[in-house]
Amino acid sequence: MANHLSASSPAPLRWLRPDVQPSFALLDTRELFERGRHAGRAFFLRTPAGEGWESEELLGLGCAREYAGPGALASAAPALQALRQHTPALPQDLRLLAWTAFDPTYDRTHDTTWADFTPQSLYLPELLVLRRGDHTTILVCAASEPPQQVFQRWLSVLDSPHSAPPPASTPASSSFALADEHRRFTENVAHFVANPDLGKVVFARRDARPGVADARMPAILDGLHQRYPECAIYALSPRHGAPVFVGATPETLVSARDAQLHTMALAGTTRGRSAPDSPERRAAEAALLASPKDRDEHHFVVDMIASALRELGAEPHHGDAPQIKVLANVSHLETPVHAPLTPAFGLLDALDALHPTPAVCGQPRDQARQRIAQREGFDRGLYAGPLGTMNLAGEGRFFVALRCGLLSQSGTLLFAGAGITAESDPQVEWDETGAKLAALGSVLSQEAHP
Ligand SMILES: C=C(O[C@@H]1C=C(C(=O)O)C=C[C@H]1O)C(=O)O
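All figures in this text were calculated on a predicted structure; none of them were measured in a lab.

Calculation rules
- Residues numbered from 1 in each chain as written.
- Predicted model: local features only at pLDDT ≥ 70, side-chain atom pairs only at ≥ 80, totals over all residues.
- Heavy atoms only, no water.
- Helix = DSSP H or I, 4+ residues; strand = E, 2+ residues; numbered from the N terminus.
- Rg over C-alpha atoms; globule rule 2.2 N^0.38 Å.
- Buried < 20%, exposed > 50% of the residue type's maximum accessible area, 1.4 Å probe, protein only.
- Areas by Shrake-Rupley, 256 points an atom, 1.4 Å probe, with all protein chains shown as cover.
- Polar contact = N/O pair within 3.5 Å; in protein donor to acceptor, adjacent residues only side chain to side chain.
- Near = heavy atom within 4 Å.
- Nonpolar A, V, L, I, M, F, W, Y, C, P; charged D, E, K, R; others polar.
- Pairing = 2+ DSSP bridges.
- Contact = heavy atoms within 4.5 Å.
- Axes fitted to C-alpha atoms, helices over the stretch in contact; angles between N-to-C directions.
- Parallel < 35°, antiparallel > 145°, perpendicular 65-115°, else oblique.

1. Notes on the overall build of the protein chain
Okay, step 1: A count of helical and extended segments in the protein chain gives 10 helices and 21 strands.
Okay, step 2: The C-alpha radius of gyration computed for the protein chain amounts to 21 Å, which stays within 12% of the reference 22 Å derived for 450 residues, consistent with globular compactness.
Okay, step 3: By its C-alpha atoms, the protein chain is 60 × 50 × 45 Å across when sized along the principal axes.
Okay, step 4: Looking at the 450 residues of the protein chain, the share that counts as buried comes to 56%.
Okay, step 5: Accessible surface, the protein chain as shown: approximately 17,200 Å² in total, 53% of it carbon and sulfur.

Set out below in structure tokens:
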């Protein structure tokens, strides 16, 4: 179970690097996620090569130590330093896994969709499996039990293909009138356009899909990877039997590696209604590059990222004009932003300063976040929040959890949003969210009729 530690009580951690490759090391990481999630917390992340990183697959099972609750990420640095001091020779390749809700202060009283997910967590899993090409690293961390015992426990879970099905989980969509979704979203957009009192606001909406059979999880993760090879594919189940938050995101929130910080502005979207590289998609991308509405929407994000980094003491660099990021379902405007890291700030400081960018929230940020909480009508939970991993040297990669859904046996709740400015058209924005929902939606439909 998780133990909540403050920096002042840094109990030493025990760890183990098994010297024999266990039998499960031969199995697909997605299959291990499926087996492991029936026994405890499970986190899967497949990241593409880029920003100085090789592509890798990571699986974290269980939780040996957790820093949870408000400000968990922002205030973690001293706690981690204490942990390193009190646990000699902690391996550098150990990973902390983390997520933050889009709005950790959102009042969940009337919306229990995300009840299983603590709004913020930074934690060390009990079992970490890291795969890069043919190379697999396995690390075990233990808070109180001997690490060998923790390892044996996970071995017996992972060696058995017949994991017990989870108990019936909270029906993800039960408390919502999804029928109202179109009316609420388009009214929100129309209302904003009639009185554009902010530069930009991002409104989201949901959709539901039927449940998928339990054992289909590995196939869903594989389907996402096949269709979105340039995206980070993620799945998180916070405890035994909880719903699984799953998605394929194209958006890096922040990455720190080799003294360089990387982030991006990703905003401005075209559906193209056709395959990447088709003449029709190319024409839509040219129109996107020339669209003042999309360029405006994009520039809010570039400007905010650059000024947030400058406030941290960084010197950000980026190109003058956006490029096109092509995905199977949509194309986006993208501006990569880089900055040398300095001793004055680290990855978690940058994450705290950048989230939420106007790509998922709006500008000015606080007013936009308030507007979303007042008008959107549901808890975004982890949708549009940061999700990623970091090593103990402070290098890591965090993504914006987009193109996602909350899967339970009773159904899947999908989430997507669109940047709204004074020039927005409600139905066009609705259609854009439809194309974004299809990222996971199309893979789920394939899985329903394999
Ligand atoms: C909000 C989402 O996507 C974000 C909004 C975009 C836009 O408005 O054009 C584009 C990329 C993302 O930064 C989403 O996928 O739900």
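2. As for helix 1 (residues 29–36)
Helical geometry: 3.6 residues make up each α-helical turn, so side chains three or four residues apart lie on a common side.
Okay, step 1: Across the 8 residues of helix 1, 7 count as buried, placing the element largely inside the fold.
Okay, step 2: Thr-29, Arg-30, Leu-32, Phe-33, Glu-34, Arg-35 and Gly-36 are the residues of helix 1 that are buried.
Okay, step 3: The opening residue of helix 1 is Asp-28, an N-cap whose side-chain oxygen sits 2.7 Å from the backbone nitrogen of Arg-30.

3. Describing the site of the ligand
Okay, step 1: The full set close to the ligand counts 17 residues, and Glu-251, Leu-266, Thr-269, Tyr-383 and Arg-403 are the nearest of them.
Okay, step 2: One nitrogen or oxygen atom from the main chain of Gly-268 is found 2.8 Å from an oxygen atom belonging to the ligand.
Okay, step 3: A distance of 3.3 Å separates an oxygen atom of the ligand from a polar side-chain atom of Glu-432.
Okay, step 4: Within the complex, the protein chains bury 100% of what would otherwise be the 390 Å² of accessible surface of the ligand.
Okay, step 5: Counting residues per element, the ones that place at least two in the shell around the ligand are strand 13 (260–270), strand 21 (411–420) and helix 10 (426–448).
Okay, step 6: Looking at the shell around the ligand residue by residue, the class counts come to 7 nonpolar, 5 polar and 5 charged.

4. Quick notes on the sheet that holds strand 20 (residues 404–408)
Within a sheet, each strand pairs with its neighbour through backbone hydrogen bonds, oriented either parallel or antiparallel.
Okay, step 1: Ordered in space as 1-8-7-3-2-10-11-20-21-9-17, the 11 strands form an open sheet in which the pairing is antiparallel. Every interior strand has two partners, whereas the edge strands, strand 1 (14–16) and strand 17 (362–363), have only one.
Okay, step 2: Packed on one face of the sheet, helix 4 (residues 181–194) meets strand 9 (200–209) and strand 21 and runs near 170° to strand 9.
Okay, step 3: Where helix 9 (residues 365–375) meets the sheet, it contacts strand 9 and strand 17, and its direction lies at approximately 35° from that of strand 9.

5. Notes on the packing of helix 1 against helix 3 (residues 147–158)
Okay, step 1: Where helix 1 meets helix 3, the axes come as close as 9 Å, and the angle between the chain directions of the two elements is 105°. On the basis of their axis angle, the class for helix 1 and helix 3 is roughly perpendicular. Where helix 1 abuts helix 3, its residues Leu-32, Arg-35 and Gly-36 lie against Trp-154, Val-157 and Leu-158.
Okay, step 2: Of the residues in the contact of helix 1 with helix 3, the class split is 4 nonpolar, 1 polar and 1 charged.

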